[in-house]
Every structure is written in structure tokens, then in C-alpha cells.
Amino acid sequence: VTERGLSVVLDGAASGPKPRAPLSPHDRPRIAALLESLAVFTDDERAVALELVDHHLAHPGSDDYRFILGAGAPERLSGYLCYGRTPLTRSTYDLYWIVTSPDLARADVARGLLTRMEGEIAREGGGLIRMETGRREGHGAAVHFYDAVGFTRTATIPDFYAPGDDLIIFT
Ligand SMILES: CC(C)(COP(=O)(O)OP(=O)(O)OC[C@H]1O[C@@H](n2cnc3c(N)ncnc32)[C@H](O)[C@@H]1OP(=O)(O)O)[C@@H](O)C(=O)NCCC(=O)NCCS
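The structure reproduced in this document is the subject of the present report. Note that this is a predicted model, so its numbers are computed, not measured. (Residues numbered from 1 in each chain as written. Predicted model: local features only at pLDDT ≥ 70, side-chain atom pairs only at ≥ 80, totals over all residues. Heavy atoms only, no water.)

1. Some remarks on the pairing of strand E3 (residues 92-100)
How we decide: Throughout, exposure labels follow a simple rule: accessible area from a 1.4 Å probe, protein chains only, divided by the maximum for the residue type, with under 20% read as buried, over 50% as exposed, and the rest as partly exposed. Secondary structure counts use DSSP, requiring at least four H or I residues in a row for a helix and at least two E residues in a row for a strand, with both numbered from the N terminus. At least two DSSP bridges between two strands are needed for those strands to be called paired. Look down the strands so they point away from you; if going from the first strand over the helix to the second traces a clockwise path, that crossover is right-handed.
Burial analysis of E3 places eight of its nine residues in the buried class, which makes it a mostly covered element. Counting the residues in the hairpin turn of strand E2 (residues 79-85) and E3 gives six residues, including Leu88, whose phi is positive at 70°. Note that E3 and strand E4 (residues 128-134) share three bridges and pair parallel. For Thr92, the partnering residue across the bridge sits in E4 and is Leu128. Tracing the backbone out of E3, into helix H4 (residues 109-123) and back to the parallel element E4 gives a crossover that is right-handed.

2. Some words on the site of the ligand
To be explicit about the condition: By convention in these notes, a residue is near a molecule or strand provided one of its non-hydrogen atoms lies within 4 Å of it. Polar contact is defined as a pair of N or O atoms within 3.5 Å, subject to the rule that within protein one atom must be able to donate a hydrogen and the other to accept it, and that residues adjacent in sequence are counted only when both atoms are side-chain atoms. The Shrake-Rupley method, run with a 1.4 Å probe, gives the accessible areas here. Residue values count only the displayed protein chains as cover. The residue classification treats Ala, Val, Leu, Ile, Met, Phe, Trp, Tyr, Cys and Pro as nonpolar and Asp, Glu, Lys and Arg as charged. All others, Gly included, are polar.
The immediate surroundings of the ligand are formed by 21 residues, with Ile98, Thr100, Arg106, Asp108 and Arg111 found nearest. At a separation of 2.7 Å, an oxygen atom of the ligand approaches a polar backbone atom of Asp108. Here Ala110 contributes a backbone N or O atom positioned 3.0 Å from an oxygen atom of the ligand. Considering the ligand on its own, with 900 Å² of exposed area, one finds that the protein chains cover 80% of that surface. Among the elements that make up the shell around the ligand, the one with the highest residue count is helix H5 (residues 141-148) (five residues). Class assignment for the residues of the shell around the ligand results in 14 nonpolar, three polar and four charged.

3. Focus on the nonpolar core
Cut-off, in case you're wondering: To define a nonpolar core, start from buried Ala, Val, Leu, Ile, Met, Phe, Trp, Tyr and Cys residues and group those joined through side-chain atoms within 4.5 Å. Note on definitions: a residue-residue contact is assigned when non-hydrogen atoms from the two residues lie within 4.5 Å.
Counting 21 residues, the largest nonpolar core has Leu81, Tyr83, Leu95, Ile98, Met117 and Tyr146 as the members making the most contacts within it. If you list the elements that add at least two residues to this core, you get E2, E3, H4, E4, H5 and strand E6 (165-170). With six residues, H4 is the largest single contributor of residues to this core. Setting aside residues no more than four positions away along its own chain, Leu81 makes contact with Arg66, Phe67, Ile68, Leu95, Trp97, Ile98, Leu113, Leu114 and Met117.

4. Here we look at unusual backbone geometry
Although it is not a glycine, Arg106 sits at a positive phi angle of roughly 60°. Relative to the helices and strands, Arg106 is located in the loop between E3 and H4. Located in the positive-phi region is Asp108, a residue other than glycine, with phi close to 70°. Within the element layout of this structure, Asp108 appears in the loop between E3 and H4.

5. Points about the side chain of Asp94
By secondary structure assignment, the location of Asp94 is in strand E3. At 2.9 Å, the side chain of Asp94 forms a polar contact with the side chain of Thr86. Ignoring sequence-local partners within four residues, the contact set of Asp94 consists of Cys82, Tyr83, Gly84, Thr86 and Arg130.

Here it is, written out as C-alpha cells:
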């Protein structure tokens, strides 16, 4: 197994839940390049996504933001996912970001990352997973994706991001 995230999953399966492998500083430019390759993100969105990476790198012992990386060439990621336990809840998790390289769209990269996240959560006893997205996020791809992988549209806040761009909460 050469894919780091996958090896983490297998380690966890062998010996029960344990802290997952942290990102290394080497991963930051790979994630930055991936975010840069997605025209759908604004600079502000990229900056927020990288803040989570920087938080993780600056606080190696912290479990706030967990990352699962897709496979890929050394300098090129197929995708990544960032999730974490939701503070002040017993067993709820937030999926903060899920991103696939545009040249691998619709190749099940995101579906695979999500399956790995669900495996990690299951090993901790399971829990509710929440994700929030804008109706127009990724030109609507995010909503299509969450619908397709079986999440429920639990709540909508109309015009949250901008007129006509609702916030949709999936669980
Ligand atoms: C949303 C996103 C993560 C989906 O990644 P992906 O790897 O292409 O998704 P998958 O191949 O795993 O798709 C699984 C299913 O979701 C649905 N889906 C995914 N993208 C879709 C799109 N653009 N339009 C319609 N349905 C889509 C399909 O049903 C698909 O299955 P199918 O291809 O067999 O029909 C990707 O488009 C992306 O990175 N978008 C920009 C960032 C973003 O908006 N992230 C989410 C919010 S942080």
C-alpha cells in the first residue's frame, strides 16, 4: 500500500482507532496546487481551505482537522478531504472540504475519499456526518455529489451566500 491515507486506514483496522497520520509540510504545496487547479474556487475559499492545512501543520497533536489524501503522483493529488469531530457533540462529524482534481472528475475519486472517511468514523463507533454547501458550489457539482452518495438534504437556508445561492445542510 503506497497511498498514505489508505495505509492509515489499514493500520487502524489492525489495531483499533488511533491518531491518523498527520499531513507533512510537503503536502501543503500539493494541496495548494490542487486548489489552484479548480477554477470554481475564489481566492478567499482557497485561503480558508489552506488555513485548515496550516492549522493542522502548526498543531501536530491536534485532531481538529483530519485529512485524507487521494492517490497521485508525488506532486499531484487526485483529491483530498478534510473532516473533523464537531465540537460539543457526542458523535457528530463535519466534512469541511472535499475536492477532486478536475481532470479526474466523475472518476469516483470523491466517492472513494468519502468511503475512507466513513470507515474511519465507523471505527470510532459511528456518528452523524454533516456537510454544508452552497447550491452553486462547484457549479452545483457538490449538491449533485452529496445527493448521489446518499446524503439527505436536511435543511436549507435560502439566499445564505447570496441571492439565489442557498446554504444546504446535508446529513
Ligand atoms: C464535488 C466533487 C468533489 C465531486 O468529485 P468527483 O470525484 O468528480 O465525484 P465522483 O466521481 O466520486 O462522483 C460520484 C457521483 O456524484 C455525482 N456527481 C459528481 N459530480 C457531479 C457533477 N458535476 N454533476 C452531476 N453529478 C455529479 C454523480 O452521480 C457521480 O456518480 P457518476 O459519475 O457515476 O454518475 C468535485 O466536482 C469537486 O471537487 N468540485 C469542486 C469542489 C467542491 O465543490 N467541493 C464540494 C464542496 S467543499
